[in-house]
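The residues making up each chain are set out below.
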Amino acid sequence: MPANVVISPRGEQRLQTGHPWIYRSDIVESHASGGDRVVVRSRRGQVLGQALYSDQSQIALRMLTDGEQEADDALIERRILAAIAFRETLNINATAYRLVHGESDRLPSLIVDQYGDYLVMQALSQGMDKLTPLVVRVLQDRLSPRGILARNDPRTRTLDGLEQKVEVLAGEIPDVVHVHELRVEYEVDLRHGQKTGLFLDQRDNRGAAALYAHGRLLDCFSYNGGFALTMAQRCREVIALDVSEDAVARIKANAARNNVQVDARAGNVFDELRAFERSGERFDTIVLDPPAFAKSKSAIDKASSGYKEINLRALKLLNPGGTLVTCSCSYNISEAAFAQIIYEAAIDAGVHVTVTEKRMQGRDHPVLLGVPETYYLKCFILRRLAD
Ligand code: SAH
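Residues numbered from 1 in each chain as written. Predicted model: local features only at pLDDT ≥ 70, side-chain atom pairs only at ≥ 80, totals over all residues. Heavy atoms only, no water.

Enquirer: Help me understand the side chain of Arg 203, please; the structure alone is not making it clear to me.
Expert: Tracing the sequence through the fold places Arg 203 in helix α5 (residues 203-210). When near neighbours in sequence (up to four residues on either side) are disregarded, Arg 203 contacts Ile 92, Ala 94, Ala 96, Tyr 97, Glu 181, Leu 182, Arg 363 and Asp 364. (Helix = DSSP H or I, 4+ residues; strand = E, 2+ residues; numbered from the N terminus. Contact = heavy atoms within 4.5 Å.)

Enquirer: What is the right way to look at empty space enclosed by the protein in this model?
Expert: In this approach, a probe sized like a water molecule rolls over the atoms, and the result shows the empty space that is left. Under the counting rule described, the total for this entry stands at two cavities of 30 Å³ or more. Taken as a whole, the largest cavity holds about 40 Å³ of empty space. For the largest cavity, the full set of lining residues is Glu 187, Val 188, Asp 189, Gly 193, Gly 197, Leu 198, Tyr 223, Asn 224 and Arg 250. For the lining of the largest cavity, the class distribution of residues is three nonpolar, three polar and three charged. Taken as a whole, the second largest cavity holds about 30 Å³ of empty space. In terms of lining, the second largest cavity is formed by Leu 52, Tyr 53, Ser 54, Ile 59, Ala 60, Leu 61, Arg 62, Ser 125, Gln 126 and Gly 127. Listing elements by their share of the lining of the second largest cavity, those giving two or more residues are β5 (47-53), β6 (59-63) and α3 (126-143). (1 Å grid on protein atoms, 1.4 Å probe; cavity = no way out; pocket = protein on both sides within 12 Å on 5 of 7 lines; lining within 4 Å. Points joined across faces, edges and corners; volume = space filled by probe spheres on them. Nonpolar A, V, L, I, M, F, W, Y, C, P; charged D, E, K, R; others polar.)

Enquirer: Explanation requested: the packing of aromatic side chains in the structure shown.
Expert: Here a ring pair, both rings aromatic, is described through the centre-centre distance and the interplanar angle of the planes. On inspection of all chains with the given rule, the structure shows seven aromatic pairs. On the basis of an interplanar angle of 85° and a centroid distance of 5.0 Å, the ring pair of Phe 199 and Tyr 223 is categorised as edge-to-face. Of this pair, Phe 199 sits in the loop between β13 (184-188) and α5 while Tyr 223 sits in the loop between β14 (215-220) and α6 (226-231), placing them 24 residues apart in sequence. Relative to Phe 338, the ring of Tyr 307 has its centre 5.8 Å away and its plane inclined at 75°; by these criteria the two rings are edge-to-face. Here Tyr 307 is found in helix α9 (residues 300-317), whereas its partner Phe 338 is found in helix α10 (residues 335-349), with 31 residues between them in sequence. The ring of Phe 227 carries Arg 206 above its face, with NZ or CZ at 5.7 Å from the centroid. The residue whose ring lies beneath Lys 378 is Tyr 375, and the NZ or CZ to ring-centre distance is 5.4 Å. (Phe/Tyr/Trp six-rings, centres within 6.5 Å; stacked < 30°, edge-to-face > 60°. Lys NZ or Arg CZ within 6 Å of the ring centre and 35° of its normal.)

Dropping the structure here:
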């Protein structure tokens, strides 16, 4: 029998909003060990559901079921199969995409990404860490991958008292894997690339941005060139900027592999935008896809001025009629807050801007209603009106 954990009325209220996390401060009584699947009860003894328990993280419980429904191995298996089946209905034009998106697939703290014949997973809580052998078995039975890699190196694992490590869980993982997304082919290093190798969440936005791309394109925070390469065909000239020399080398390799011309440069976007302004260079299409500036609530003010600065400078560099594709992957900055930042940037730049599209992370990374943490990526496609 699973152990019991009793939560406070405030915790109960939170569950009623559909949010699957219960914080440690709302635990009244626990007889569980870290990583256990537990029965969650109210003070009056009512069964509220079953959850994964952590004895370290501030997120003490991650709910798996409501009411009397049991969270056994069969339930986990069903959820994984449902997540995979959903992705198959999306007709994604890529061999790399997300199969399991944690809370949004009711598999809290589990990520599984597909890269061709290989799978990369992340188990980001004690409970999911313990379920890894089950997850691996289900993935093998359903997909027969050539290899499964655990990219368990995110820092969040330490909040759960877990080790940060990268290990092959099944089969083999080559140093380089080839995948395609839309019409672009990429070389991916699954062990060392950012996230699980690529920023899969931007696929649909790259495709959408390509529809507006024209003239001179500047792709800022380019990583391995995702936006630049997808948009290059429609542009006369393409410059991609990233602060990391490794990223610049990867952009060059990917550009050669896809037979497109990209001028990949190492540099700090904040400095380079200023330099372009000084030298009078102008662009018809600009992409801003920075890393999360606001990783915590306390960083919101500083992050907002960072977002405002790059958007302001980009709008100034944009020719009238030009397109700005601007993103924020900080879930601490809401869509409304991001829209406000862009509006203030436009006012300060002295330009009139229309919003052509408001977008989010790709369809394989769905948002769970009631759980704002699952809506993290915002992408606006803007047009600078002619004077
Ligand atoms: N646009 C990419 C993902 C960008 S991730 C894609 O579509 O896949 C953010 C990137 O910004 C990282 O590659 C990081 O190296 C780079 N970066 C972070 N700070 C930077 C800065 N100040 N100037 C330039 N690049 C920066």
